Amino acid sequence: MDAGTERAEGQTRRRRIPGAPTPSAPARGRPRSEAVEQAIIEGVIQLLEQGVPLTELSIERIARTAGVGKATIYRRWSGKEALFVDVVASIEEPDPADLPGTSMRDDLVRLLEHMRRRGLSMRTSALLHNVLAQMKTLPRLWDAYQELVVDPRRRATHDVVRRGVADGELPAGTDVEFAADLFTGPMLLRTVMRTDAPLAEDLAERIVDTVLVGLRAGH
């Protein structure tokens, strides 16, 4: 099988680089195996732990490390950029599966607490920190990560704030996007820009309560 045929069979992965061709249907008689996919992801992580930069990873090398053929990878991912998105997602702490829903405040605290724990993970995980830093040199990969990981988190925060306005927890006419940035901005500053800043256990609650006072007083 030539490389072109392998790539044609490889468009079955859920996550894709924005603008990539629409995946074709998986070939009959070749069911996807979660164990195989995990072995491939673990193979990439193993190489990264050995200090191999993202830009130097090839499908051939990944396949050898994972003990699979190149076609096996291409049947699951459109290319290494799409594979890298899943690798990064696998080493990050999962997003909250659900929110309490009891109040806007409680949901915001839950979302910000997730960001705080992620910041702690980045500080203790050289792998995660280095991979995210390297991603910025790969524009297509960075754009895909923004679309598939970052944007859903932003939408979740916007939805919570929007519901708070509807329920009267925030004044009518509150700028949802601006308010959401006010909630998440301080936590992002502490976890991304100021990696030496303390991440106290009550930080999420303090941020949410302080911003709520300001937003309510402003109206």
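Calculation rules
Residues numbered from 1 in each chain as written. Predicted model: local features only at pLDDT ≥ 70, side-chain atom pairs only at ≥ 80, totals over all residues. Heavy atoms only, no water. Helix = DSSP H or I, 4+ residues; strand = E, 2+ residues; numbered from the N terminus. Buried < 20%, exposed > 50% of the residue type's maximum accessible area, 1.4 Å probe, protein only. Polar contact = N/O pair within 3.5 Å; in protein donor to acceptor, adjacent residues only side chain to side chain. Contact = heavy atoms within 4.5 Å. Core = buried A, V, L, I, M, F, W, Y, C linked by side-chain atoms within 4.5 Å. 1 Å grid on protein atoms, 1.4 Å probe; cavity = no way out; pocket = protein on both sides within 12 Å on 5 of 7 lines; lining within 4 Å. Points joined across faces, edges and corners; volume = space filled by probe spheres on them. Nonpolar A, V, L, I, M, F, W, Y, C, P; charged D, E, K, R; others polar. Arc of directions from axis to C-beta. Patch = residues over 30% accessible without salt bridge, like charges linked within 9 Å, V, L, I, M, F, W, Y side chains within 5 Å. Areas by Shrake-Rupley, 256 points an atom, 1.4 Å probe, with all protein chains shown as cover. Salt bridge = Lys/Arg side-chain N within 4 Å of Asp/Glu carboxyl O.

(A) A look at the side chain of T191. On the secondary structure map, T191 appears in helix α9 (residues 176–193). The class of T191 is buried, set by a relative accessible area of 6%. Of note is the side chain of T191, whose polar atom sits 2.8 Å from the backbone oxygen of M187. Apart from residues no more than four positions distant in its own chain, T191 is found in contact with M115, R116, G119, R123 and L199.

(B) The nonpolar core, seen in detail. If you look at the biggest cluster of nonpolar residues, it comprises 32 residues, and the most contacted ones within it are L57, I62 and L83. When residues no more than four places from it in sequence are discounted, the contact partners of L57 are V44, L47, L48, V52, I62, K80 and F84. Counting 22 residues, the second-largest nonpolar core is a separate cluster that includes L111, L112, I207 and V211.

(C) Representation of the environment of V36. Inspection of the secondary structure assignment puts V36 in helix α2 (residues 34–49). Once the C-alpha coordinates of V36 and R76 are considered, the two residues, 40 residues apart in sequence, prove to be 9.8 Å apart.

(D) How the structure looks around the layout of surface pockets. Of the voids in this model, the largest pocket is the one considered here, and its volume is about 830 Å³. Forming the walls of the largest pocket are 31 residues, and the residues nearest its centre are M115, R118, V150, R153 and L188. Elements with a contribution of two residues or more to the lining of the largest pocket: α6 (104–124), α7 (126–135), α8 (139–166) and α9. Among the elements that line the lining of the largest pocket, the one with the most residues is α8, at ten residues. Its residues assigned to classes, the lining of the largest pocket shows 15 nonpolar, nine polar and seven charged.

(E) Representation of α7 within the structure. Taken together, the buried positions of α7 are occupied by L127, L128, V131, L132 and M135. Taken around the axis of α7, the buried residues stretch over an arc of 125°, which confines them to a single face.

(F) Spotlight on a nonpolar patch on the surface. On the surface, L188, L189, V192 and M193 cluster together into a nonpolar patch covering about 380 Å² of accessible area. Position of M193 among the secondary structure elements: in helix α9. Among the residues examined, M193 registers a relative accessible area of 64% and is labelled exposed.

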